[in-house]
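Fold and contact review
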Amino acid sequence: MISPLSRFSAGARFFNGAQFSGQWATRALVAAALILPLGLEPALSAEPQTAKQLFGAMTLPSRTAPVSFGSYAKGCLSGAVALPADGPTWQAMRLSRNRRWGNPHMIAFLERFSRDAAEIGWGSGILLGDISQPRGGPMLTGHASHQIGLDADIWFQPKPARPMSVAERESRPFVSMLDKTKFLTVNPDRWTPTHARLIMRAASEPEVDRVFVNPAIKKKLCDTWTGDRTSMGKIRPIYGHDEHFHIRIKCPADSPGCKPQAAVAPGDGCDKSLAWWFTKEPWAKPKPNPNAKPVKPRFVMLSDLPQACTGVLAAPASSEAASTFGGKVPVSAPITRSMADPSSSTLPSSADVPPASVGDPAVPLPTRRPGATQ
């Protein structure tokens, strides 16, 4: 009987021999998925690992073409690129989470948006929260989405003029935009017109599909925004999101396996759909059924994700330096065990693997702009 580890190595050797460009990236990943068992459990484990355990254990991206597979809440990411922890108009927060990875389209968007933010008076740029894990997929903690590298969280705090240390970025508290003494009410002492301009700027970008905010913030925009309201409908109310807002971009053309969401309904969204959030229904606790039988929770398994995600896990790892925007790991980034000791990686060495390529030549891997810290 062939062990799971042997099958895992077989999938990795498949990637070592593959040339990844354009549509072949998708075919290669699917082929590798057929080689490997859908459980992908360790040989000594009695129970198959869940998808979040498998993807949460990945510390480095695959050395394959950048492709987003599946939907925003059920998928994975091949060939991810990391935004450096420090840039001229951004700083990444909570570096220990290792969630600065994204599809190159998202990384390029964030670099542009950070400059836009500084230009409209949002401090010296943005504080960046989570994008995705090195290979996407479900996370051990936190988000249900952020699985295919096309989601990013932006803090409701501007980047300070003095760069923060790694320790400061781990401990800096979140700041809510809500008045916690009132029901769904924005705090007027914290909310500013620049907050509104920042959100509306994000929504106005053509590649942006949705911007998620707290219902109170959506209402504040509906009631006070006097500029162009064309993109107001993209701003969607959702639970939480009072300390940050969430940008989601559309599926790129070079990721045919990416599953888009339904189009946003026409209109500005300042209607009954928003008014519903201010009723009791969204906040009412479900009534327990005393006659209901206990249901064992079912966790998302690798077999629940697109088939190509098995190949994404099996692919050889790229280095953090080679996969980071600009090609170098920033000085302030924490050194992980895999970076300090490449032999500790559970994946084969990627030294002989050909460089990743972007399926659409019109969208190259981002290059560092002058002035970006390295």
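The following paragraphs examine the structure supplied in this document.

Reading the values: the criteria
Residues numbered from 1 in each chain as written. Predicted model: local features only at pLDDT ≥ 70, side-chain atom pairs only at ≥ 80, totals over all residues. Heavy atoms only, no water. Pairing = 2+ DSSP bridges. Helix = DSSP H or I, 4+ residues; strand = E, 2+ residues; numbered from the N terminus. Contact = heavy atoms within 4.5 Å. Axes fitted to C-alpha atoms, helices over the stretch in contact; angles between N-to-C directions. Phe/Tyr/Trp six-rings, centres within 6.5 Å; stacked < 30°, edge-to-face > 60°. Buried < 20%, exposed > 50% of the residue type's maximum accessible area, 1.4 Å probe, protein only. 1 Å grid on protein atoms, 1.4 Å probe; cavity = no way out; pocket = protein on both sides within 12 Å on 5 of 7 lines; lining within 4 Å. Points joined across faces, edges and corners; volume = space filled by probe spheres on them. Nonpolar A, V, L, I, M, F, W, Y, C, P; charged D, E, K, R; others polar. Salt bridge = Lys/Arg side-chain N within 4 Å of Asp/Glu carboxyl O.

**Thoughts on the sheet that holds strand β10 (residues 235-237)**
- With respect to topology, seven strands assemble into an open sheet ordered β4-β5-β7-β8-β11-β9-β10, the strand pairing being mixed. Of all strands in the sheet, those bounded by a partner on one side alone are β4 (86-87) and β10.
- Running at roughly 135° to strand β11 (residues 244-249), helix α4 (residues 104-119) makes contact with β5 (90-92), β7 (126-128), β8 (151-158), β9 (208-213) and β11 of the sheet.

**Focus on the packing of aromatic side chains**
- Counted by the stated rule, this structure contains ten aromatic pairs.
- Ring geometry for Y239 and W277: centres 4.8 Å apart, planes at 75°, overall edge-to-face. With Y239 in the loop between β10 and β11 and W277 in the loop between α8 (272-275) and α9 (308-314), this residue pair connects regions lying 38 residues apart in the sequence.
- Residue Y239 is classed as partly exposed on the basis of its relative accessible area of 40%.
- Taken together, a centroid distance of 5.1 Å and an interplanar angle of 75° make the contact between W276 and W277 edge-to-face.
- Residue class for W277 comes out buried when judged on its relative accessible area of 10%.

**Digging into the pairing of strand β2 (residues 74-78)**
- Counting buried positions over the five residues of β2 gives four, a clear majority of the element.
- In terms of strand pairing, strand β1 (residues 67-71) meets β2 through five bridges, oriented antiparallel. Counterpart to S71 in the pairing with β2 is K74.

**Thoughts on unusual backbone geometry**
- For R94, which is not glycine, the phi torsion reads 50° and is therefore positive.
- Along the chain, R94 turns up in the loop between β5 and β6 (101-102).
- On the basis of relative accessibility, which here comes to 15%, the residue R94 falls in the buried class.
- Positioned with a positive phi, N98 is a non-glycine residue whose angle comes to about 55°.
- By the element assignment, N98 lies in the loop between β5 and β6.

**Focus: empty space enclosed by the protein**
- Counted according to the given criterion, the structure contains one cavity of 30 Å³ or more.
- Empty space within the largest cavity amounts to approximately 30 Å³.
- Forming the boundary of the largest cavity are M93, R94, L95, R97, N98, R99, R100, G129 and D130.
- The residue inventory of the lining of the largest cavity, partitioned by class, reads two nonpolar, two polar and five charged.

**A closer look at the pattern of salt bridges**
- Throughout the structure, instances matching the rule amount to 14 salt bridges.
- In this structure, D86 engages R169 in a salt bridge whose closest nitrogen and oxygen atoms are separated by 3.1 Å. Taken together, the residues D86 in strand β4 and R169 in helix α5 (residues 166-171) connect sequence positions 83 residues apart. With respect to class, D86 is no different from R169; both count as buried.
- Salt bridges linked by common partners bring R97, R99 and D130 together as one network.

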